[in-house]
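What follows is the residue order along each chain.
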Amino acid sequence: NSMPASEAAEEPFEAEQARSPRTAGMEDGMEDGAKELISSGRQLVEGEQLSLQGEPLALILSKVRAVICVIADRESAERWEAVARLRLFCEGATSSEELEEIGSRKVNTLKVLVELLEELSPALGTNTTKAQVLEDVVWLLERLLCSVTLNHKILLKQTKAITLLLHVLARASVLRAPVLHGGSMGPLEPAANVLCCLTFHSSRACHQVIDANGCEAIAAATRACLGVPAGKGAGGAQPKQQPAGPVSPPALGRRNSLVAPDRERLACSLFELVVNLCSMLPQAQDACEATGLFALFLDRAATAVRALPDPPPVSTADPAGSAAAEADLAHASAGVSIVTEQLLLALNSVVWCNQRNQTLLCESETLDALLAHVFVWYSWTTQSGAHRSRLPPSYLASLLVVLGAQLDNETVIGAVARTAHERTLPALAARLGGALPRLCPLADFVTLHHLLLDQLLDIRHNHQHAEVVAEALGNARWLVRHCSESHYLFVHMHGALSVEMLLRCLGNVDETVLDAACSTAAAILHGSRRTQALFLRKHGIAVLRECALDYNADIQVRSLQLLAMLAHAHPACRHELRDEGVLRALLRSVQAYPYETELQVLEPTLDLISHAVTECARNQSYVREISGLGALCEALVYVAKAFCSSGNNTAAGKGEGEAGRGRGEARPAPISTDTANVSPSALSASPASLPADEYESDTNRSDPGEKLILSPGTPGSQDGYVHNPLGGSARLWPVKMRMSERAAGAA
């Protein structure tokens, strides 16, 4: 400061800072602080404490930061022990909040792990200590990213992260001999899980995977997982094979040989990764065909579908015997249904509106296998009257692939019909000893699929027009309710984008769109645990929380009922209710009764609280910690006075007005979350506050069309029904529903 202004302007800034005693002291302090952190980190590594469970979050972060400093120090001899200790710390984390803080910018954990992954990449496929450390590093990335999606942005800013994870998958052929055959997935499974999670939640990650030529790495890992030689299918789609003769179905209890049992999770992650990429980016479909991944899917799908057992015979004389056969069938296919379904979903994403891949599928033997599986199971489901929750996933996924191959491709529509008439149906008649009792209305399903696509496109392209979006949501809700297969087709027809668009509608500020979105979400989520899980993965709790705080009482009630349904079916969701602040908001709503909260909102609020605290000790203690018991007791006093006041002959008190009418029935017993010995019909049931006829009574007011329709297997008159080229007729859509040129052309 004592220097003249002219001299100070000529001196470089760095030189001035270097001469400053204060700056020199700061640098010395930083070095001393780093040394102190490294020293404390070494003490933690050499200590006996193996977990941070039960310690305050600030103390956890300080210890993790010290261990990270040891890992980042390339000259430290305790680096590998520090990685193992960090893994033990993350294994002992009891909440997503702790994992979020460990992976945040405060600690710089993700950046250090990516740098360490780059350093250890040459050790892939070896039996050295570095290879074991590499497996720990990839596991840590999986733990910090798949459990907390808020850390994704931090990782995606590391430009080499996606490339390094793809390099792990690309080296799968090297890992196959020493690792895969040894009964361990090594770093393959966590690496695939990280990529799958990133591409599921972020389109930016999908672009980075495609830019890094990730389809080749995925193809290499898929071949290694399925046990296919590296050169097979690398040059694109395989030529058409000769027609195969009738194949006898396998006996019940015989396991499918699609993938080894210890590789099923890896296979599912790789298939889902393909679904995420192809549903987000059309160029990923061409990349899958160029790398031979599509040809591999065609070959394995045909083998897996042909190996699935046929349904049990439908016996009207002995219902108990038929039920036993159905139970045996479910037990036989339980282990392979998920892998086969994920493979078929990946195949559908590759052929979605891609004319070249659609033609290749039509020319392959896979189409005949899929059609045979669809025809056999459709005949069984219509004869037995199976509920939507009992339809086999392999049947629904096969139908999805067959219909997806015909989207916007009239040539393939005709080729599929010819294949069904000339090959599939005669082969089935020869194998079964006669014609099928019920014939699948494939033409009507094609039109139905195009109608569902119309609704998705209307929602996507007209998001600024509330009336159009609300009408499309009402049409989709109508189609989902009145056809068992349409629920699955709508949810999975284009990856997870259908659920994502539904969530966007739930976040719309327009009350008309929001009301229609709540009704459509109820129809889609009701009775389907897998759709509910997909909804939760897309952060549906946070979206429904905002809907539950809406000023419209009807929207509040429906949102609370949906949250109760999710909390009842998925116990892990109850912790998310606490972390997202839903439980605290519910208790505040109870505290505001009867001054600001209406009785019709109070009941679903209390019902949701009961589901949130059932068999969840942390939520129970949380309610006590924030003094929620007092609010609940006060609400109980008010409700008891209203419902049990003197002079009332009914349980519903007259003092509550219209809100208290019709509520005199006794409440059901608490719902048990033990699903081990619960029948499938009970699992598909709704919570106490969500009766099964709720959708039909409250949400049908805006449904287009007044004429009831018949499901594909329902017998009825032929008046007003579209003729089915395959020998049946049924109407799967309302008469007044507007049809696009695409759907009309398909019909």
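Our subject is the structure that appears above.
These figures come from a predicted structure and were not determined experimentally.

Asks: Would you take a moment to explain the overall build of the protein for this structure?
Replies: When helices and strands are tallied, the protein shows 38 helices and 0 strands. A buried classification covers 52% of the 747 residues belonging to the protein. Of the contacts formed within the protein by residues at least 6 apart in sequence, a portion of 77% connects residues at least 24 apart. Just so you have it, the protein exposes about 33800 Å², and 52% of that area is on carbon and sulfur atoms.

Asks: Honestly, the environment of Glu615 in this entry has me stumped. Any pointers?
Replies: Within the secondary structure layout, Glu615 lies in the loop between helix H33 (599–613) and helix H34 (617–625). Given a relative accessible area of 61%, Glu615 falls into the exposed group. Each C-alpha atom, one on Glu615 and one on Pro571, is 8.4 Å from the other, the two residues being 44 residues apart in sequence.

Asks: What am I meant to see in the nonpolar core here?
Replies: Leu169 and Leu506 are the most contacted members of the largest nonpolar core, which totals 210 residues. In terms of residues, this core owes the most to one element, helix H20 (residues 366–384), which gives 11 residues. Setting aside chain neighbours within four positions, we find Leu506 in contact with Leu514, Ala517, Cys518, Ala521, Phe535, Val543, Leu544 and Cys547.

Asks: So what exactly am I meant to see when it comes to helix H12 (residues 188–201) here?
Replies: The periodicity of an α-helix, 3.6 residues per turn, causes residues three or four positions apart to be oriented the same way. Here H12 spans 20 Å end to end across 14 residues, near enough to the 20 Å set by a 1.5 Å rise per residue. Counting buried positions along H12 gives 13 out of 14 residues, so the element sits mostly inside the fold.

Asks: When you look at a positive patch on the surface in this model, what are you seeing that I'm missing?
Replies: There is a patch of like positive charges on the surface, built from Arg105, Lys153, Lys157 and Arg204. Among the secondary structure elements, Lys153 is positioned in helix H9 (residues 152–156). In this structure Lys153 comes out as exposed when scored by relative accessible area, which is 62%.

Asks: Help me understand the packing of aromatic side chains, please; the structure alone is not making it clear to me.
Replies: Working definition: an aromatic ring pair is given by the centre-to-centre distance plus the angle between the planes. A complete count under the given rule lists 5 aromatic pairs for this structure. Look at Tyr593 and Tyr638: their rings are 6.2 Å apart centre to centre, the planes differ by 90 degrees, and that puts the pair in the edge-to-face class. Of this pair, Tyr593 sits in the loop between helix H32 (582–591) and H33 while Tyr638 sits in helix H35 (residues 628–643), and the two are 45 residues apart along the sequence. Taking the relative accessible area as the measure of exposure, Tyr638 reaches 34% and is therefore partly exposed.

Asks: It is not clear to me how helix H25 (residues 484–492) should be interpreted in this structure. Could you clarify?
Replies: For H25, the buried fraction is high: 8 of the 9 residues fall into the buried class. All buried positions along H25 are accounted for by Glu485, Ser486, His487, Tyr488, Leu489, Phe490, Val491 and His492.

Conventions we followed
Residues numbered from 1 in each chain as written. Predicted model: local features only at pLDDT ≥ 70, side-chain atom pairs only at ≥ 80, totals over all residues. Heavy atoms only, no water. Helix = DSSP H or I, 4+ residues; strand = E, 2+ residues; numbered from the N terminus. Buried < 20%, exposed > 50% of the residue type's maximum accessible area, 1.4 Å probe, protein only. Contact = heavy atoms within 4.5 Å. Areas by Shrake-Rupley, 256 points an atom, 1.4 Å probe, with all protein chains shown as cover. Core = buried A, V, L, I, M, F, W, Y, C linked by side-chain atoms within 4.5 Å. Expected span 1.5 Å × (residues − 1). Patch = residues over 30% accessible without salt bridge, like charges linked within 9 Å, V, L, I, M, F, W, Y side chains within 5 Å. Salt bridge = Lys/Arg side-chain N within 4 Å of Asp/Glu carboxyl O. Lys, Arg positive; Asp, Glu negative; His and termini not counted. Charge placed at Lys NZ, Arg CZ, Asp CG, Glu CD. Phe/Tyr/Trp six-rings, centres within 6.5 Å; stacked < 30°, edge-to-face > 60°.

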